Amino acid sequence: MTEKQVFTGRTRARRPKRSVLVTDRVARWVISLGGIGSIAAVSMVGLFLLYVVIPLFRPPQVPQIGGFAVGEATSRVAAAGVDEHRSMSWSLHRDGTIDLRRLDDGRILSRREVPAAGRLTCWSVDPSSGACALGYADGSIRMGTLAFQSSYLSREEVPADVAELAAGAAATLGEGMVQRTPEDQFRLLQLALAMGDSLPVGGAPLVLVDRSEGSRGTVFAALDASGVLHVNEVRTRTNLLTGEVTTTSQGGRLDLAAAGLLPASGIEPAYLLLTGLGDNVMLGWTDGRLLRLDTADITAPALAEDLDLVPEAGRRLTAMTYLLGKSSLICGDDLGRVRVWFRVRDAEPGRVDGSSLVLAHTLGQHDGTSAVTSLAASQRSRLVAAGFADG
(Lines give C-alpha, C1' and ligand atoms only; values in the text may rest on other atoms or scores of the structure.)
Protein backbone atom coordinates (compact mmCIF):
# COMPACT_ATOMS: atom_id res chain seq x y z
CA MET A 1 0.00 0.00 0.00
CA THR A 2 1.47 3.34 -1.04
CA GLU A 3 1.05 6.65 0.68
CA LYS A 4 -1.25 8.97 -1.18
CA GLN A 5 0.25 12.32 -2.17
CA VAL A 6 -1.89 15.26 -1.22
CA PHE A 7 -1.79 18.52 -3.22
CA THR A 8 -1.29 21.50 -0.89
CA GLY A 9 -1.85 24.22 -3.47
CA ARG A 10 1.82 25.27 -3.57
CA THR A 11 4.24 24.36 -6.35
CA ARG A 12 7.95 23.66 -5.71
CA ALA A 13 10.38 26.07 -7.40
CA ARG A 14 12.52 24.46 -10.10
CA ARG A 15 15.37 27.04 -9.79
CA PRO A 16 17.58 27.70 -6.71
CA LYS A 17 17.16 30.88 -4.82
CA ARG A 18 19.33 33.89 -5.62
CA SER A 19 20.91 33.77 -2.15
CA VAL A 20 21.99 30.16 -2.79
CA LEU A 21 23.59 31.15 -6.10
CA VAL A 22 25.43 34.05 -4.48
CA THR A 23 26.62 31.86 -1.60
CA ASP A 24 27.80 29.19 -4.00
CA ARG A 25 29.73 31.71 -6.10
CA VAL A 26 31.35 33.26 -3.02
CA ALA A 27 32.36 29.80 -1.77
CA ARG A 28 33.95 28.98 -5.11
CA TRP A 29 35.96 32.23 -5.04
CA VAL A 30 37.04 31.65 -1.47
CA ILE A 31 38.17 28.08 -2.26
CA SER A 32 40.02 29.26 -5.36
CA LEU A 33 41.75 32.08 -3.47
CA GLY A 34 42.67 29.67 -0.68
CA GLY A 35 44.24 27.25 -3.13
CA ILE A 36 46.13 30.03 -4.89
CA GLY A 37 47.29 31.36 -1.51
CA SER A 38 48.53 27.93 -0.45
CA ILE A 39 50.45 27.53 -3.70
CA ALA A 40 51.92 31.02 -3.28
CA ALA A 41 52.94 30.30 0.33
CA VAL A 42 54.68 27.04 -0.61
CA SER A 43 56.36 28.81 -3.55
CA MET A 44 57.60 31.57 -1.23
CA VAL A 45 59.08 28.96 1.12
CA GLY A 46 60.86 27.36 -1.83
CA LEU A 47 62.18 30.73 -3.02
CA PHE A 48 63.40 31.52 0.51
CA LEU A 49 65.24 28.18 0.75
CA LEU A 50 66.79 28.86 -2.66
CA TYR A 51 67.85 32.31 -1.47
CA VAL A 52 69.53 30.74 1.57
CA VAL A 53 71.28 27.98 -0.38
CA ILE A 54 72.61 30.05 -3.33
CA PRO A 55 75.44 31.68 -1.25
CA LEU A 56 76.81 28.19 -0.49
CA PHE A 57 77.79 27.86 -4.15
CA ARG A 58 79.58 31.21 -4.24
CA PRO A 59 83.25 31.68 -3.28
CA PRO A 60 83.74 32.69 0.38
CA GLN A 61 84.42 36.29 1.28
CA VAL A 62 85.97 37.73 4.42
CA PRO A 63 85.22 41.43 4.62
CA GLN A 64 87.46 43.42 6.96
CA ILE A 65 85.36 45.16 9.57
CA GLY A 66 88.27 47.04 11.09
CA GLY A 67 91.82 46.77 12.32
CA PHE A 68 94.38 48.29 14.63
CA ALA A 69 98.13 48.06 15.10
CA VAL A 70 99.49 46.15 18.10
CA GLY A 71 103.17 46.74 17.41
CA GLU A 72 105.71 44.15 18.53
CA ALA A 73 103.11 42.30 20.57
CA THR A 74 102.21 40.05 17.63
CA SER A 75 105.58 38.28 17.77
CA ARG A 76 105.02 37.41 21.43
CA VAL A 77 101.42 36.17 21.32
CA ALA A 78 101.12 32.57 22.47
CA ALA A 79 97.31 32.29 22.61
CA ALA A 80 94.34 34.58 22.10
CA GLY A 81 90.57 34.58 22.53
CA VAL A 82 87.50 36.71 21.79
CA ASP A 83 84.31 37.01 23.82
CA GLU A 84 81.06 35.70 22.35
CA HIS A 85 79.76 39.24 21.81
CA ARG A 86 82.92 40.18 19.85
CA SER A 87 83.66 43.28 21.86
CA MET A 88 86.92 42.35 23.64
CA SER A 89 89.88 40.04 23.18
CA TRP A 90 92.62 38.67 25.41
CA SER A 91 96.12 37.67 24.36
CA LEU A 92 98.54 35.57 26.39
CA HIS A 93 102.17 36.46 25.63
CA ARG A 94 105.26 34.33 25.93
CA ASP A 95 106.50 36.37 28.88
CA GLY A 96 103.38 35.46 30.87
CA THR A 97 101.53 38.77 30.48
CA ILE A 98 97.88 38.96 29.41
CA ASP A 99 96.53 41.96 27.51
CA LEU A 100 92.81 42.72 27.48
CA ARG A 101 91.77 44.90 24.52
CA ARG A 102 88.72 46.55 23.06
CA LEU A 103 88.13 45.27 19.56
CA ASP A 104 86.68 48.49 18.14
CA ASP A 105 89.80 50.61 18.68
CA GLY A 106 92.46 48.20 20.02
CA ARG A 107 92.84 50.06 23.31
CA ILE A 108 94.35 48.00 26.16
CA LEU A 109 91.92 47.86 29.09
CA SER A 110 94.15 45.95 31.46
CA ARG A 111 97.43 44.07 31.63
CA ARG A 112 98.11 41.34 34.15
CA GLU A 113 100.43 38.37 34.63
CA VAL A 114 99.96 34.66 35.18
CA PRO A 115 101.48 33.23 38.38
CA ALA A 116 105.28 32.86 38.19
CA ALA A 117 105.27 34.51 34.77
CA GLY A 118 109.06 34.69 34.61
CA ARG A 119 109.35 30.88 34.62
CA LEU A 120 106.59 30.17 32.07
CA THR A 121 107.77 27.85 29.28
CA CYS A 122 104.64 26.35 27.65
CA TRP A 123 100.86 26.73 27.64
CA SER A 124 97.57 25.28 26.45
CA VAL A 125 94.25 27.15 26.44
CA ASP A 126 90.88 25.77 25.37
CA PRO A 127 89.11 28.72 23.66
CA SER A 128 85.63 27.29 24.30
CA SER A 129 85.80 26.71 28.06
CA GLY A 130 88.81 28.85 28.94
CA ALA A 131 90.44 25.88 30.69
CA CYS A 132 94.21 26.25 30.57
CA ALA A 133 97.39 24.48 31.59
CA LEU A 134 100.68 26.33 32.09
CA GLY A 135 104.07 24.62 32.19
CA TYR A 136 107.12 26.05 33.94
CA ALA A 137 110.90 25.85 33.87
CA ASP A 138 111.02 23.99 37.19
CA GLY A 139 109.02 21.09 35.72
CA SER A 140 105.74 22.04 37.38
CA ILE A 141 102.31 22.73 35.94
CA ARG A 142 99.36 24.89 36.95
CA MET A 143 95.76 24.28 35.91
CA GLY A 144 93.12 26.99 35.79
CA THR A 145 90.75 29.04 33.65
CA LEU A 146 91.20 32.11 31.48
CA ALA A 147 87.77 33.16 30.25
CA PHE A 148 85.27 35.99 29.95
CA GLN A 149 82.52 36.28 32.52
CA SER A 150 79.23 38.15 32.17
CA SER A 151 77.14 39.81 34.85
CA TYR A 152 74.21 42.23 34.78
CA LEU A 153 73.97 45.58 36.52
CA SER A 154 70.96 47.68 37.37
CA ARG A 155 70.62 51.25 36.13
CA GLU A 156 71.52 52.50 39.62
CA GLU A 157 74.82 50.57 39.58
CA VAL A 158 76.26 52.16 36.42
CA PRO A 159 77.60 55.71 35.95
CA ALA A 160 75.29 58.33 34.47
CA ASP A 161 77.04 58.40 31.09
CA VAL A 162 76.71 54.60 30.80
CA ALA A 163 73.02 54.75 31.76
CA GLU A 164 72.41 57.04 28.78
CA LEU A 165 73.94 54.65 26.24
CA ALA A 166 71.85 53.78 23.22
CA ALA A 167 70.67 50.18 22.86
CA GLY A 168 73.57 48.06 21.59
CA ALA A 169 76.23 50.64 22.48
CA ALA A 170 79.13 49.78 24.82
CA ALA A 171 81.50 51.68 27.08
CA THR A 172 84.55 50.91 29.21
CA LEU A 173 83.88 50.30 32.90
CA GLY A 174 86.92 49.54 35.04
CA GLU A 175 88.82 46.62 33.50
CA GLY A 176 85.83 45.50 31.46
CA MET A 177 83.12 46.70 29.13
CA VAL A 178 79.43 47.30 29.77
CA GLN A 179 76.86 47.14 26.99
CA ARG A 180 73.25 48.22 27.02
CA THR A 181 71.19 45.40 25.55
CA PRO A 182 68.00 45.85 23.49
CA GLU A 183 66.12 44.57 26.56
CA ASP A 184 67.40 47.65 28.47
CA GLN A 185 69.85 45.62 30.58
CA PHE A 186 73.45 46.55 31.31
CA ARG A 187 75.75 43.59 30.65
CA LEU A 188 79.21 43.80 32.20
CA LEU A 189 81.89 41.67 30.57
CA GLN A 190 85.16 41.03 32.40
CA LEU A 191 88.16 38.72 32.04
CA ALA A 192 88.60 36.20 34.84
CA LEU A 193 91.92 34.48 35.52
CA ALA A 194 91.94 31.72 38.14
CA MET A 195 94.94 29.41 38.49
CA GLY A 196 95.36 26.47 40.82
CA ASP A 197 98.32 25.36 42.90
CA SER A 198 101.59 24.30 41.34
CA LEU A 199 101.79 20.55 40.64
CA PRO A 200 105.25 18.94 40.32
CA VAL A 201 105.55 16.87 37.14
CA GLY A 202 109.24 16.25 36.38
CA GLY A 203 112.70 17.56 37.09
CA ALA A 204 113.32 19.18 33.68
CA PRO A 205 111.65 22.27 32.16
CA LEU A 206 108.37 21.53 30.40
CA VAL A 207 108.39 22.39 26.67
CA LEU A 208 104.92 21.27 25.47
CA VAL A 209 101.64 20.75 27.31
CA ASP A 210 97.96 20.05 26.61
CA ARG A 211 94.92 19.17 28.69
CA SER A 212 91.47 17.63 28.18
CA GLU A 213 88.38 16.84 30.18
CA GLY A 214 88.24 13.11 29.54
CA SER A 215 86.05 10.33 30.88
CA ARG A 216 88.38 10.08 33.88
CA GLY A 217 88.21 13.82 34.61
CA THR A 218 90.94 16.32 33.87
CA VAL A 219 93.92 14.77 32.07
CA PHE A 220 97.08 16.55 30.97
CA ALA A 221 100.10 15.54 28.90
CA ALA A 222 103.44 17.34 29.10
CA LEU A 223 106.80 16.83 27.42
CA ASP A 224 109.90 17.98 29.26
CA ALA A 225 113.26 19.10 27.90
CA SER A 226 114.85 15.69 28.62
CA GLY A 227 112.46 13.94 26.22
CA VAL A 228 110.16 12.40 28.83
CA LEU A 229 106.41 12.45 28.21
CA HIS A 230 104.25 12.76 31.32
CA VAL A 231 100.54 11.86 31.28
CA ASN A 232 98.61 12.54 34.46
CA GLU A 233 95.08 12.55 35.77
CA VAL A 234 94.24 15.48 38.06
CA ARG A 235 91.86 15.09 40.97
CA THR A 236 90.57 17.78 43.30
CA ARG A 237 89.13 17.21 46.74
CA THR A 238 87.31 19.80 48.82
CA ASN A 239 87.33 19.65 52.62
CA LEU A 240 83.67 20.08 53.62
CA LEU A 241 84.66 21.55 57.01
CA THR A 242 87.33 24.05 55.99
CA GLY A 243 86.54 24.54 52.29
CA GLU A 244 90.20 23.86 51.44
CA VAL A 245 90.73 22.42 47.97
CA THR A 246 93.49 19.83 47.54
CA THR A 247 94.75 18.97 44.07
CA THR A 248 96.70 15.81 43.30
CA SER A 249 97.86 14.14 40.12
CA GLN A 250 98.84 10.59 39.26
CA GLY A 251 99.75 8.86 36.03
CA GLY A 252 102.67 7.52 34.05
CA ARG A 253 105.60 8.56 31.90
CA LEU A 254 107.40 7.46 28.75
CA ASP A 255 111.06 8.25 28.12
CA LEU A 256 111.06 8.89 24.37
CA ALA A 257 114.85 9.01 24.20
CA ALA A 258 115.32 5.68 25.97
CA ALA A 259 112.61 4.13 23.78
CA GLY A 260 114.43 5.30 20.64
CA LEU A 261 111.52 7.46 19.51
CA LEU A 262 113.37 10.75 19.22
CA PRO A 263 115.02 11.54 15.85
CA ALA A 264 118.81 11.33 15.54
CA SER A 265 118.85 14.94 14.31
CA GLY A 266 117.95 16.11 17.79
CA ILE A 267 115.04 18.20 16.48
CA GLU A 268 112.39 18.56 19.18
CA PRO A 269 108.69 18.05 18.47
CA ALA A 270 106.78 21.27 17.76
CA TYR A 271 103.25 20.11 18.61
CA LEU A 272 101.65 18.12 21.42
CA LEU A 273 97.91 17.44 21.34
CA LEU A 274 95.80 15.33 23.69
CA THR A 275 92.53 13.81 22.44
CA GLY A 276 89.24 14.80 24.02
CA LEU A 277 88.98 11.52 25.94
CA GLY A 278 92.62 11.67 26.98
CA ASP A 279 93.32 8.25 25.43
CA ASN A 280 95.82 9.42 22.77
CA VAL A 281 98.70 11.89 22.60
CA MET A 282 99.85 13.29 19.25
CA LEU A 283 103.46 14.48 18.97
CA GLY A 284 104.25 16.32 15.74
CA TRP A 285 107.51 17.51 14.18
CA THR A 286 107.95 20.23 11.58
CA ASP A 287 109.31 17.67 9.09
CA GLY A 288 105.87 15.99 9.08
CA ARG A 289 106.57 13.12 11.45
CA LEU A 290 103.80 12.23 13.89
CA LEU A 291 103.95 9.91 16.87
CA ARG A 292 100.58 8.67 18.10
CA LEU A 293 100.85 7.39 21.66
CA ASP A 294 98.20 5.28 23.33
CA THR A 295 97.37 6.58 26.82
CA ALA A 296 94.21 4.57 27.53
CA ASP A 297 96.22 3.08 30.38
CA ILE A 298 97.42 6.32 31.87
CA THR A 299 100.09 4.60 33.91
CA ALA A 300 101.78 3.04 30.87
CA PRO A 301 101.84 5.22 27.72
CA ALA A 302 102.85 3.22 24.65
CA LEU A 303 103.64 3.87 21.01
CA ALA A 304 100.61 3.22 18.81
CA GLU A 305 101.75 4.60 15.47
CA ASP A 306 104.62 6.40 13.74
CA LEU A 307 103.64 8.05 10.46
CA ASP A 308 104.47 10.93 8.11
CA LEU A 309 101.80 13.59 7.60
CA VAL A 310 103.79 15.38 4.88
CA PRO A 311 105.54 12.68 2.82
CA GLU A 312 106.76 15.07 0.10
CA ALA A 313 110.53 15.51 0.30
CA GLY A 314 111.66 18.75 1.92
CA ARG A 315 108.14 19.85 2.86
CA ARG A 316 107.12 20.94 6.37
CA LEU A 317 104.21 20.63 8.74
CA THR A 318 103.33 24.22 9.70
CA ALA A 319 100.14 24.01 11.80
CA MET A 320 98.24 21.36 13.75
CA THR A 321 95.14 21.43 15.94
CA TYR A 322 91.91 19.54 16.66
CA LEU A 323 88.43 20.10 15.31
CA LEU A 324 85.47 20.30 17.66
CA GLY A 325 85.48 17.29 19.99
CA LYS A 326 89.26 16.82 19.82
CA SER A 327 89.12 13.62 17.78
CA SER A 328 89.70 14.81 14.20
CA LEU A 329 93.23 16.11 13.66
CA ILE A 330 93.56 19.00 11.21
CA CYS A 331 96.98 19.81 9.76
CA GLY A 332 98.43 22.49 7.50
CA ASP A 333 101.71 22.37 5.56
CA ASP A 334 103.95 24.64 3.49
CA LEU A 335 102.20 23.45 0.31
CA GLY A 336 99.13 25.37 1.48
CA ARG A 337 97.11 22.20 2.11
CA VAL A 338 94.58 21.82 4.92
CA ARG A 339 93.89 18.15 5.64
CA VAL A 340 91.94 16.21 8.26
CA TRP A 341 93.01 12.91 9.84
CA PHE A 342 91.10 10.68 12.23
CA ARG A 343 91.26 7.20 13.70
CA VAL A 344 89.47 4.18 12.26
CA ARG A 345 89.18 0.74 13.80
CA ASP A 346 91.41 -2.09 12.58
CA ALA A 347 92.83 -0.24 9.59
CA GLU A 348 96.07 -2.17 10.00
CA PRO A 349 96.54 -5.25 12.19
CA GLY A 350 98.89 -5.25 15.13
CA ARG A 351 98.10 -1.80 16.52
CA VAL A 352 98.27 -1.40 20.28
CA ASP A 353 94.78 0.10 20.42
CA GLY A 354 93.38 -1.63 17.31
CA SER A 355 93.05 1.58 15.32
CA SER A 356 94.98 3.63 12.78
CA LEU A 357 95.15 7.31 11.89
CA VAL A 358 94.06 7.84 8.27
CA LEU A 359 93.77 10.80 5.93
CA ALA A 360 90.03 11.50 5.74
CA HIS A 361 89.62 14.86 3.98
CA THR A 362 91.61 17.38 2.01
CA LEU A 363 89.74 20.60 2.67
CA GLY A 364 91.66 22.55 0.07
CA GLN A 365 94.98 23.89 -1.12
CA HIS A 366 95.61 27.62 -1.30
CA ASP A 367 98.10 28.15 -4.12
CA GLY A 368 100.84 25.59 -3.57
CA THR A 369 103.38 28.20 -2.46
CA SER A 370 101.92 29.93 0.62
CA ALA A 371 102.29 27.92 3.81
CA VAL A 372 99.49 27.52 6.33
CA THR A 373 100.55 29.61 9.32
CA SER A 374 97.60 29.17 11.69
CA LEU A 375 94.47 27.10 12.19
CA ALA A 376 91.44 27.89 14.34
CA ALA A 377 88.54 25.48 14.84
CA SER A 378 85.00 26.58 15.62
CA GLN A 379 83.71 25.67 19.07
CA ARG A 380 80.14 25.16 17.81
CA SER A 381 80.46 23.37 14.47
CA ARG A 382 82.92 21.59 12.17
CA LEU A 383 84.03 24.90 10.69
CA VAL A 384 87.73 25.78 10.56
CA ALA A 385 89.61 28.93 9.59
CA ALA A 386 93.08 28.79 8.05
CA GLY A 387 95.59 31.64 7.77
CA PHE A 388 98.35 31.66 5.14
CA ALA A 389 101.79 33.19 4.83
CA ASP A 390 100.69 35.57 2.05
CA GLY A 391 98.23 37.26 4.40
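Source: prediction; values computed, not measured.

J.: Please give an account of the overall build of the protein chain that cites residues and values.
T.: A count of helices and strands for the protein chain gives two helices and 25 strands. Residues classed as buried in the protein chain amount to 38% of the 391 residues present. Counting only contacts in the protein chain whose residues sit at least 6 apart along the sequence, the fraction spanning at least 24 positions is 46%. Accessible area of the protein chain: about 23200 Å², with a carbon and sulfur share of 55%.

J.: Break down the side chain of aspartate 353 for me, with residues and values.
T.: Topologically, aspartate 353 is positioned in the loop between strand S22 (337-345) and strand S23 (355-365). Looking at aspartate 353, the relative accessible area reads 16%, which means it is buried. A polar atom in the side chain of aspartate 353 sits 2.6 Å from the side chain of arginine 292. Discounting chain neighbours no more than four positions away, the residues touching aspartate 353 are Asn280, Arg292, Asp294, Ala304, Arg343 and Arg345.

J.: How would you summarise unusual backbone geometry if you had to cite specific residues and measurements?
T.: With a phi angle near 55°, arginine 86 is a residue other than glycine that sits in the positive phi range. Here arginine 86 falls in the exposed class, since its relative accessible area comes to 65%. Of note, the phi angle at aspartate 184 is positive, near 65°, even though the residue is not glycine. Within the secondary structure, aspartate 184 is located in the loop between strand S9 (176-180) and strand S10 (186-195). Look at aspartate 184 and you get partly exposed, because its relative accessible area is 38%.

J.: I'd like to hear about the environment of arginine 343, residue by residue, with values.
T.: Within the element layout of this structure, arginine 343 appears in strand S22. Note: C-alpha distance between arginine 343 and aspartate 105 (238 residues apart in sequence) is 44 Å. Not counting the four nearest positions on each side in its chain, arginine 343 is found in contact with Thr275, Asp279, Asn280, Arg292, Asp353, Ser355, Ser356 and Leu357. Within the structure, the side chain of arginine 343 is placed 3.5 Å from the side chain of aspartate 279, a separation counted as a polar contact. One polar contact links arginine 343 to asparagine 280, side chain to side chain, over a distance of 3.4 Å.

Conventions adopted
Residues numbered from 1 in each chain as written. Predicted model: local features only at pLDDT ≥ 70, side-chain atom pairs only at ≥ 80, totals over all residues. Heavy atoms only, no water. Helix = DSSP H or I, 4+ residues; strand = E, 2+ residues; numbered from the N terminus. Buried < 20%, exposed > 50% of the residue type's maximum accessible area, 1.4 Å probe, protein only. Contact = heavy atoms within 4.5 Å. Areas by Shrake-Rupley, 256 points an atom, 1.4 Å probe, with all protein chains shown as cover. Polar contact = N/O pair within 3.5 Å; in protein donor to acceptor, adjacent residues only side chain to side chain.

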